[in-house]
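# Reading the structure
For reference, the chains in residue letters:
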Amino acid sequence: MSDTPVKGIALLSGIKQLKNPCGRTVPCRPLENENHLSMYRIFFSLALAAIILGGAVDIHAHGVAAGYSNVPGIEISAGYDTGQPMSGGQVVVYAPDNPAEPWMTGLLDEEGRFGFVPDYSLPGTWSVQVRQAGHGAMIHIPVQEQGIDDSRTDSASAFTGLQLAVMAGCVVWGFIGTAMFFTRRLKN
Amino acid sequence: MHIPDGILPLPVTLGGYAATVGLAWFSIYMIKRRQDPRENIPKASLLTAVFFTASLIHIPVPPVSVHLVLGGLMGALLGFYAIPAIIIGLFFQAVMFGHGGLTTLGINTIIIGTPALLAHYIFRFRNTAPADPKRTGFFGFLAGSTAIALSVTIFSVVLFTNIPAHMDPETEMTAILLLIAAHVPLMIIEGIITCMTAVFLLRVSPGILDGV
């Protein structure tokens, strides 16, 4: 509801631009004939109708009322190491007092995100598992009564391309060295 | 194709380790029967490097992406050496990249290693007649693509039979079916890779293919 006036303002400013026929920011010359005037009247009427219709749609959209409240929560984001979000993946949240039974289950959205508000009366390590078709990860979130303990925040961070290349290069060099070692022994 | 830690229950992971121990014992037993067991170690080591890095090569198959496995190539070119090579490759993939996991090393070896052995037996059919590029290429393609098909089958069966009670089974099964469909192009790609590699080695250095 709060953004309705903002939209209205945006549309009204659009009308102000339409009143400037040359499309520039500098002031234009006075209008010369009535044809131009009638054209502006049509545009003005269309813009006014858009404001009214736009406002009506915003206020009465399918009769749904929505609101929000400022509650501190946790947002999980999950994706594959290719950068693709794990959209539609299943999320299981475990509270610290019972790590065997799920405290909450849900689905990741299209961008691989899932939000929830933990029960702050249960301080300790909350575990969140994300899973999709045999792929998945588990993260552990330290929660205190005052909120999340940022100093101990754990996240399954991905390596950069350079780090991966260096790691892969080291291991590959080990395999090449092994091959060279046994080749030399065979020659001897 | 790599199952990470925390996905499967403990009995399944332990069963995977037990089966892997049996598979590794059988492979090493067959390797030790050779006249010189060390002869193929350099080749196995280099192909382990290829297998290790292959999981970093992703192929986009919208809406998902799959990565190369090369289990068929390993089996076709290494024979029984493929099993220890795959175990070592999977271990380094889990430790360095987080592909798979240490608790699931056993079951992942079964998923990739068993099809590699099947690929080995398929590729050996080319020896029933004199070496020929077309014949080698055909059995190479068959070995590469069959290995992926069997890997995906084992992977899917393991996941289908171990969906936790608190998860929505329909959502998970839909995701698994989507993953199976995404591996169909990979079957063709890996078949082509194995076919081209086998034909190339036959023309350049046929000795590498001998005795596998």
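Presented here is a report on the structure given in the accompanying data block. (Residues numbered from 1 in each chain as written. Chains lettered and ligands numbered in written order. Predicted model: local features only at pLDDT ≥ 70, side-chain atom pairs only at ≥ 80, totals over all residues. Heavy atoms only, no water.)

This part takes up the overall build of chain B. When helices and strands are tallied, chain B shows seven helices and two strands. Each helix (α) and strand (β) of chain B, taken in turn from the N terminus, gives the series α-α-β-β-α-α-α-α-α. Its C-alpha atoms give chain B a radius of gyration of 17 Å, within 12% of the compact-globule value 17 Å for 212 residues. Dimensions along the principal axes, computed over C-alpha positions, put chain B at roughly 55 × 35 × 30 Å. For chain B, with 212 residues in total, the buried portion stands at 51%. Sequence-distant contacts in chain B: of pairs separated by 6 or more residues, those separated by 24 or more amount to 78%. The centroid of the 10 positive side-chain charges in chain B is displaced by 18 Å from the centroid of its 9 negative side-chain charges. (Helix = DSSP H or I, 4+ residues; strand = E, 2+ residues; numbered from the N terminus. Rg over C-alpha atoms; globule rule 2.2 N^0.38 Å. Buried < 20%, exposed > 50% of the residue type's maximum accessible area, 1.4 Å probe, protein only. Contact = heavy atoms within 4.5 Å. Lys, Arg positive; Asp, Glu negative; His and termini not counted. Charge placed at Lys NZ, Arg CZ, Asp CG, Glu CD.)

Moving on, we come to a nonpolar patch on the surface. On the surface, a cluster of nonpolar side chains totalling about 330 Å² of accessible area is made up of Tyr17, Phe91, Val95 and Leu102 of chain B. The class of Phe91 of chain B is partly exposed, set by a relative accessible area of 35%. (Patch = residues over 30% accessible without salt bridge, like charges linked within 9 Å, V, L, I, M, F, W, Y side chains within 5 Å. Areas by Shrake-Rupley, 256 points an atom, 1.4 Å probe, with all protein chains shown as cover. Salt bridge = Lys/Arg side-chain N within 4 Å of Asp/Glu carboxyl O.)

What follows concerns the environment of Phe52 of chain B. Within the fold, Phe52 of chain B resides in helix α2 (residues 41–54). Not counting residues within four places of it along the chain, the set of residues in contact with Phe52 of chain B comprises Ala168, Val171, Val172 and Phe175 of chain A together with Gly89, Phe92, Gln93, Met96 and Phe97 of chain B.

Before going further, it helps to examine the nonpolar core. Within the largest apolar cluster, 58 residues are counted, with the highest numbers of intra-cluster contacts made by Met1, Ile3, Met74, Leu78, Ile86, Ile111 and Ile112 of chain B. Not counting residues up to four positions away in its chain, the partners in contact with Ile112 of chain B are Met1, His2, Phe51, Val69, Gly71, Ile86, Leu90 and Ser151 of chain B. Ranked by size, the runner-up nonpolar core spans 17 residues in total, among them Ile76, Ala78, Phe114 and Val128 of chain A. (Core = buried A, V, L, I, M, F, W, Y, C linked by side-chain atoms within 4.5 Å.)

Before going further, it helps to examine the side chain of Gln90 of chain A. By secondary structure assignment, the location of Gln90 of chain A is in strand β2 (residues 90–94). Here Asp168 of chain B takes part through its backbone nitrogen, which lies 3.0 Å from a polar atom of the side chain of Gln90 of chain A. Excluding its chain neighbours within four sequence positions, the residues that come into contact with Gln90 of chain A are Gly106, Leu107, Gln129, Val130 and Arg131 of chain A together with Met167, Asp168, Thr171 and Glu172 of chain B. (Polar contact = N/O pair within 3.5 Å; in protein donor to acceptor, adjacent residues only side chain to side chain.)

Turning our attention to the interface of chain B and chain A. Taken together, the contacts link 40 residues of chain B with 31 residues of chain A. Here chain B meets chain A over a buried area of about 2,900 Å², counting both sides, of which 66% is carbon and sulfur. The tally of links from chain B across to chain A stands at one salt bridge. Glu172 of chain B is the partner of Arg131 of chain A in a salt bridge, and the nearest nitrogen-oxygen pair spans 3.6 Å. Elements that contribute at least two residues to the side of chain B that touches chain A include exactly α2, β2 (64–67), α4 (82–97), α6 (133–160) and α7 (169–204) of chain B. Among the elements that make up the side of chain B that touches chain A, the one with the highest residue count is α2 of chain B (eight residues). (Buried area = accessible area lost by both parts, 1.4 Å probe.)

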